[in-house]
Amino acid sequence: MYRKNWSLSSLDKEKAALLAENLSLDPFIALMLVSRGITEPLEVDEFFSDEVVLSNPFEIRDMEKAVERIRPAIESKEKIAVFGDYDADGVTATALLYSYLKSCGADAVYYIPNRMTEGYGTSNEAIDELKKQGVTLIITVDNGIAAVEETEYAKTLGIDMVITDHHKAGEVLPDAVAVVDPHREDDPSAFKEWAGVGVAFKLVCAIEGVDGESLLNDYCDLIAIGTLADVVSLTDENRTLVKAGLEKINTNPRLGIEMIKQVAGNSKSLSSMGVAFTVAPRINAAGRMGSAYRALELLLCDDGDRARVLAEEIDKANRDRQSVEANITSQAISVIEEKGYKYDKVIVVSGEGWHSGVIGIVAARLVEKYGKPAIVIAVDEDSAKGSARSLGDFSMYDALCNCAGLLTHFGGHVLAAGLGIEKENIDAFRKAINDYASGMEMPFPTLKLDCKLNPSYISVELANNLSAMEPFGNGNEQPLFGLYGMTVTSVRPIGDGKHLRMTLSKGDSSVSVVKFGTPVEEFPYTAGDRVDVAVKIERNEYRGEIRTSVQLRGIRFSGVDEEKRIASIRLYENYYQGTALEKDLLLSLKPDREFLGNVFSFIKNNSSVPLESETLAVRMGVGMGSFAKLLIALDVLTELKTISKTEEGNYVIPEKIEKTDLSNSAILNELERRLKQ
């Protein structure tokens, strides 16, 4: 994995200092606020306020039409179906609207399609099933904006549709009784960043005829989970809703959520990140690995014994999901490395029998590993389902639009999308999407730091002040600080060797930093190294004592020339992508026998230390201007089987070294051929 490019935010320090002075704020908190565009005293008050101020739900287009259809249906005991989705946003939205309708005495049922057999959204088959149950009104939550044909089909059966969604609207809207989606082009509402559960809450408020404050305590926990799980912007009303939801989850949670916390072994107060990584994945896992109905039933459950059983079931589903995901990720990486897809601008990898419920997570893992957009396709006989993830400003949705002729269907956003494709078209699709990206400057993965921090400033007071900025998430990211020019004084294992703790020093200051998920033997930094680290600082309470928890989010050797490093990586990738290069650039890529021998000898003589490509460059003294040549050299030595590469990306000497000649290297021969052209 290529390390992300570090980007230090440009801050107006004078404005932050003035804000800190006028409002008696911690200077770093003032910096964080200014970086989020919060610069006026009134804005600061609103940011930290616990006061609930919600907008009029009727600001959203078609809300009045929706209410005019739903209220009489409730009163007349017309059979209403809440049609949801199988992810955490869809499940919480279904639980919210269904429980509200039942509280009003409505004759209501719910329906969530099976991810594996039905796929996303409404279908004629599902509508047929609801017709058999006597349903005459379907209300969608977190889906439906693309259900143009299904809405027409429902009409032929005498079923009305009310659509509530938050996804991007197409050119044609469903001809439903009402289409409530803030992303309609003609929607006049000021705030548009709700998750599906947020739109469902707005509908409930409209039916009730209130702005929502009186209903908030009943549903804010569900809203918080769905909103955090869907990674929508935690600004404006979403911040208010999630803040209230976290309070309820930690002080008076509904039975189902309390049971999830218990089976997850988390008795602590959950932050927004805690909910996003503890509660939401388990709800998601139910839909990924089987039926989302288990998670929905748990959120609606009021029986302790049944809730315990359901919570344990979805906890097991989450463990199964992790195992399946890890297995498919490993297989995908093997294919990508073997086929050379890692050099493509957009990685497209497919596999027979891959579980389609986890391919979206696998795609995200590949984006993280390779720093490129990735599409993972699960093949089942002749047809296949794909899930795509992107980064930066590369719009996956636009890219799929360009390849629409090769797809059976697709939909999504800039950073995430889903698709259907015939097996026979996968190779053509891979070529088409890379042809589309060929003329673009692709984004390089970036680690955005809020500011540099003197390690002496790390304290419980700072951690307390930072916690006041919760909830963190999209639009209000948890602050990330850079500690520059630190010396590693020790690295030791913790947590049965699964994690590590590193002690860093600078001058008279020393700081202890934890890195989760990395054993010491896979960590390429050792005592004496001079490094820069990116850290998050949290407040940690243990046995009544408040301490600071400093967590590692990025590390690099101090003094690395970032511009040259990235330029070298781009050159290396352009070469493998077949880009026409000037002769001097091709020459800069060619490692001679001496260089190759030095690389081999260094790896052989330093076998006790993990050596991925950048670590190897720094320890060998190879400047970043020659980093591309080192990458080619590593490819050549790996090709000739004189070195090998581990799954973690480290280079090692194999037990048995193959005797070979450099003339046997296809990589060197191709480089020589291109030099002679």
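Provided above is the structure to which this section pertains.
In what follows, the accompanying structure is described. Along each chain, residue indices are assigned from 1 in the same order as the chain's sequence is written. Local features in this predicted model are restricted to residues of pLDDT 70 or higher, and side-chain atom pairs are both shown and tallied only at a pLDDT of 80 or more, whereas totals for entire chains, interfaces and linings draw on every residue. No hydrogens and no water enter the side-chain calculation; it runs on all heavy atoms of the structure.

1. Brief notes about the overall build of the protein chain
- A tally of regular secondary structure across the protein chain gives 24 helices and 20 strands.
- With the radius of gyration taken over C-alpha atoms, the globule rule is written as 2.2 Å times the number of residues to the power 0.38. Its C-alpha atoms give the protein chain a radius of gyration of 27 Å, within 12% of the compact-globule value 26 Å for 677 residues.
- Over its C-alpha atoms, taken along the principal directions, the protein chain stretches across nearly 85 × 65 × 50 Å.
- Burial status follows relative accessibility: with a 1.4 Å probe on protein chains alone, a residue under 20% of its type maximum counts as buried, one over 50% as exposed, and anything between as partly exposed. A burial count over the protein chain gives 53% of its 677 residues as buried.
- The protein chains shown are the only cover counted for residues, whose accessible areas, like all others here, come from Shrake-Rupley with a 1.4 Å probe. When the accessible surface of the protein chain is summed, it comes to about 30,000 Å², and 47% of that surface belongs to carbon and sulfur atoms.
- Distance between charge centroids for the protein chain: 7 Å, based on 75 positive and 103 negative side chains. A run of H or I in DSSP counts as a helix once it spans at least four residues, and a run of E counts as a strand once it spans at least two, with each numbered from the N terminus. The convention is simple: Lys and Arg are positive, Asp and Glu are negative, and His and the chain ends are not counted. Where a charge sits is defined by one atom per residue type, namely NZ (Lys), CZ (Arg), CG (Asp) or CD (Glu).

2. Side note on the pairing of strand E7 (residues 347-352)
- Two strands form a pair only when DSSP identifies at least two bridges running between them. With six bridges connecting them, E7 and strand E8 (residues 374-380) associate as parallel partners. The residue bridging Val 348 from the neighbouring strand is Ile 375, located in E8.
- Between E7 and its parallel partner E8, the chain crosses via helix H15 (residues 359-370), and the hand of that crossover is right-handed. Call a crossover right-handed when, viewed with both strands pointing away from you, the route from the first strand across the helix to the second goes clockwise.

3. Side note on the sheet that holds strand E9 (residues 383-389)
- Taken in spatial order, the five strands line up as E7-E8-E9-E11-E10 in an open sheet, and their pairing is mixed. Either end of the sheet is taken by a strand with one partner, and the two such strands are E7 and strand E10 (409-412). Taking each pair of neighbouring strands and ignoring which way they run, the sheet shows an average axis angle of 15°.
- Together, E7, E8 and E9 form the strand contacts of H15, whose direction differs from that of E9 by roughly 45°. Here an axis means a line fitted to C-alpha atoms, over the contact stretch when the element is a helix, while the angle between two N-to-C directions is reported on a 0 to 180 degree scale. Two residues form a contact once any of their heavy atoms are found within 4.5 Å.

4. Thoughts on the pattern of salt bridges
- Counted as salt bridges are all cases of a side-chain nitrogen of Lys or Arg within 4 Å of a carboxyl oxygen of Asp or Glu. A full pass over the atoms with the stated rule returns 37 salt bridges.
- Between Arg 36 and Asp 450 there is a salt bridge; the shortest N-O distance is 3.6 Å. Here Arg 36, found in the loop between helix H2 (27-35) and helix H3 (41-48), pairs with Asp 450, found in the loop between strand E12 (446-449) and strand E13 (451-452); they are 414 residues apart in sequence, far enough to count as distant.
- Between Arg 306 and Glu 297 there is a salt bridge, with the nearest N and O atoms lying 2.9 Å from each other.
- For Arg 306, a relative accessible area of 34% corresponds to the partly exposed category.

5. Quick word on the side chain of Arg 321
- For Arg 321, the position within the fold is in helix H14 (residues 304-339).
- Any N or O atom pair separated by 3.5 Å or less is treated as a polar contact, with the protein-specific requirement of one donor-capable and one acceptor-capable atom, and with residues adjacent in sequence counted only for side-chain atom pairs. Here Glu 325 takes part through its side chain, which lies 2.6 Å from a polar atom of the side chain of Arg 321.
- Setting aside its immediate chain neighbours within four residues, Arg 321 contacts Pro 281, Ala 285, Arg 288, Met 289, Val 358 and Ile 361.

6. Some details on the layout of surface pockets
- Using only the protein atoms, space was sampled on a 1 Å grid; points where a 1.4 Å probe fits but cannot get out form cavities, open sets with protein on both sides within 12 Å along at least five of seven lines form pockets, and lining residues are those with an atom within 4 Å of a point. Grid points are joined across faces, edges and corners, and a volume is the space filled by probe spheres set on the points. The space that makes up the second largest pocket amounts to roughly 740 Å³.
- Together, 29 residues line the second largest pocket, and Glu 46, Phe 47, Asp 236, Arg 239 and Thr 240 are the ones closest to its centre.
- Counting residues per element, the ones that place at least two in the lining of the second largest pocket are H3, helix H9 (213-229) and helix H10 (236-251).
- The element contributing the most residues to the lining of the second largest pocket is H10, with eight residues.
- Residue polarity follows a fixed list, in which Ala, Val, Leu, Ile, Met, Phe, Trp, Tyr, Cys and Pro are nonpolar, Asp, Glu, Lys and Arg are charged, and the others, Gly among them, are polar. The residue makeup of the lining of the second largest pocket, split by class, is nine nonpolar, eight polar and 12 charged.

7. Remarks on the state of the cysteines
- Pairs of cysteine sulfur atoms within 2.5 Å are what we label disulfides. Tallying each qualifying case throughout the model produces zero disulfides.
- Among the cysteines around Cys 220, which has no disulfide bond, Cys 205 carries the closest sulfur, lying 12 Å off.

8. A word on the side chain of Asn 284
- Counting through the fold element by element, Asn 284 comes out in helix H12 (residues 272-289).
- Given a relative accessible area of 14%, Asn 284 falls into the buried group.
- When near neighbours in sequence (up to four residues on either side) are disregarded, Asn 284 contacts Tyr 86, Asp 87 and Ala 88.

9. Description of H14
- Here the expected length of a helix is defined as 1.5 Å per residue gap, with one fewer gap than residues. Spanning 36 residues, H14 covers 52 Å between terminal C-alpha atoms, matching the ideal 52 Å at 1.5 Å per step.
- With a side-chain oxygen lying 3.3 Å from the backbone nitrogen of Asp 305, the N-terminal cap of H14 falls on Asp 303.
- Count one or two residues on from H14 and you reach Gly 340, which has phi positive near 80°.

10. Structural notes on the sheet that holds strand E2 (residues 79-83)
- With respect to topology, five strands assemble into an open sheet ordered E3-E2-E4-E5-E6, the strand pairing being parallel. Single-partner strands in this sheet number two, and they are strand E3 (107-111) and strand E6 (178-180). Across the sheet, the mean angle separating the axes of adjacent strands is 20° when strand polarity is ignored.
- Looking at chain direction, strand E5 (residues 160-164) and E6 are connected through three bridges and run parallel. Directly across from Ile 163, in E6, lies its bridge partner Val 179.

11. Some points on the pairing of E10
- Relative to strand E11 (residues 416-422), E10 is paired through four bridges, and the arrangement is antiparallel. Counted as the bridge partner of His 409 is Gly 420 from E11.
- Between E10 and the antiparallel strand that follows it, E11, lie three residues.

12. Details of the packing of aromatic side chains
- The rule is short: rings of Phe, Tyr and Trp, with Trp giving its six-membered ring, pair when the centres are within 6.5 Å, and they are stacked under 30 degrees, edge-to-face over 60, tilted in between. This model, assessed by the stated rule, comprises 16 aromatic pairs.
- Plain terms: the ring middles of Phe 523 and Tyr 525 are 5.4 Å apart, the flat faces sit at 55° to each other, and that makes the pair tilted. By the burial criterion, Phe 523 is buried, and Tyr 525 matches it.
- A connected cluster of aromatic rings, assembled from ring pairs, spans Tyr 343, Tyr 572, Tyr 575 and Tyr 576.
- Positioned above the aromatic ring of Phe 47 is the side chain of Arg 239, whose terminal nitrogen or guanidinium carbon lies 3.7 Å from the ring centre.
- In our convention, an over-ring charge means Lys NZ or Arg CZ found within 6 Å of a ring centre and within 35 degrees of that ring's normal. Of note, Lys 629 hangs over the ring of Phe 595, and the distance from its end group to the ring centre comes to 4.5 Å.

13. Comments concerning the packing of helix H21 (residues 593-605) against helix H22 (residues 613-620)
- Two elements in contact, H21 and H22, have axes separated by 11 Å at closest approach and are oriented at 100°. For the element pair H21 / H22, the angle class is roughly perpendicular. Contact residues: H21 offers Asn 598, Val 599, Phe 602 and Ile 603, while H22 offers Leu 616, Arg 619 and Met 620.
- In terms of residue class, the contact of H21 with H22 is made up of five nonpolar, one polar and one charged. Convention used here: angles under 35 degrees read as roughly parallel, angles over 145 as roughly antiparallel, angles from 65 to 115 as roughly perpendicular, and any remaining angle as oblique.

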